[in-house]
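Fold and contact review
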Amino acid sequence: QVQLVESGGGLVQAGGSLRLSCAASGRTFSTYAMSWFRQAPGKEREIVARISGTGGNTEYEDSAKGRLTISRDNAKNTMYLQMNSLKPEDTAVYYCAAVRMALNDARGGRRVEDYDYWGQGTQVTVSS
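Let me sum up the structure you'll find in this document. Just so it is clear, the model here is predicted, and its values are computed rather than measured. (Residues numbered from 1 in each chain as written. Predicted model: local features only at pLDDT ≥ 70, side-chain atom pairs only at ≥ 80, totals over all residues. Heavy atoms only, no water.)

Quick notes on the packing of aromatic side chains
A complete count under the given rule lists five aromatic pairs for this structure. With a centroid separation of 6.5 Å and 80 degrees between ring planes, the pair formed by Y95 and W118 is classed as edge-to-face. With Y95 in strand β9 (residues 92-100) and W118 in strand β10 (residues 117-118), the pair connects residues that are 23 residues apart, well separated along the chain. Here Y95 falls in the buried class, since its relative accessible area comes to 13%. Here Y115 and W118 contribute two aromatic rings whose centre-to-centre distance is 6.2 Å and whose plane-to-plane angle is 70 degrees, an arrangement assigned as edge-to-face. Note on Y115: relative accessible area 5%, which makes it buried. Assessed through its relative accessible area of 25%, W118 is described here as partly exposed. Here the aromatic cluster, defined as three or more aromatic residues joined through ring pairs, consists of F37, Y95, Y115 and W118. (Phe/Tyr/Trp six-rings, centres within 6.5 Å; stacked < 30°, edge-to-face > 60°. Helix = DSSP H or I, 4+ residues; strand = E, 2+ residues; numbered from the N terminus. Buried < 20%, exposed > 50% of the residue type's maximum accessible area, 1.4 Å probe, protein only.)

What about the pattern of salt bridges?
Side-chain pairs of opposite charge can arise where the charged atoms are in close proximity. Going through the model one piece at a time under the given rule, you end up with nine salt bridges. Here E59 and R107 are joined by a salt bridge, their closest N and O atoms 3.3 Å apart. One end of the pair, E59, is in strand β6 (residues 58-60); the other, R107, is in the loop between β9 and β10, with 48 residues separating them in the sequence. Accessibility expressed as a relative area gives 25% for R107, which makes it partly exposed. (Salt bridge = Lys/Arg side-chain N within 4 Å of Asp/Glu carboxyl O.)

Examining the nonpolar core
Of all hydrophobic cores here, the largest spans 29 residues; its most connected members are L4, M34, W36, L81 and Y94. Those elements that provide at least two residues to this core are β3 (18-24), β4 (32-39), β5 (46-51), β7 (68-73), β8 (78-83), β9 and β11 (122-127). Sequence-distant contacts of L4, defined by excluding residues within four places in its chain, comprise C22, A23, A24, M34, C96, A97, A98, Y117, W118, G119 and Q120. (Core = buried A, V, L, I, M, F, W, Y, C linked by side-chain atoms within 4.5 Å. Contact = heavy atoms within 4.5 Å.)

Focus on the pairing of strand β1 (residues 4-7)
Burial along β1 is one-sided: L4 and E6 are buried, and none of V5 and S7, which face the opposite way, are. In this structure, β1 lies alongside β3, joined through four bridges in antiparallel fashion. Paired with S7 across the strands is S21, a residue of β3. (Pairing = 2+ DSSP bridges.)

Here's the deal with the side chain of R38
Locating R38 in the fold gives a position in strand β4. A polar atom in the side chain of R38 sits 2.9 Å from the side chain of D90. Polar side-chain contacts of R38 include one of 3.0 Å to the side chain of Y94. With residues near it in sequence (within four places) discarded, R38 still touches E44, R45, E46, V48, S63, E89, D90, A92, V93 and Y94. (Polar contact = N/O pair within 3.5 Å; in protein donor to acceptor, adjacent residues only side chain to side chain.)

Next comes the structure, spelled out in structure tokens:
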């Protein structure tokens, strides 16, 4: 079992930056692949970025490449999403998700149903 708590969301102007955090409970954090999803009003939840348990294997959706950076600090049981050059279309509730993997260098899947644990979400609003 793992519990996830996101923080760091807020209101920012277009072109600005935010850093989201996802704090996890438990002592086996490094065995969980983690991801960031987002859900805009009226839209389905979508994957943004994924990271393996070791942190050495990451992947980004096209909308995130070059602007968003996923990372994790296993000593602190925390995952991050550094968001730069934010756009109004980045406005959404951002969720972190976790799934336990057999291999610590494997990423989780791209679908909502690929994950067993979710945080409550943090709102990111980008004004134009």
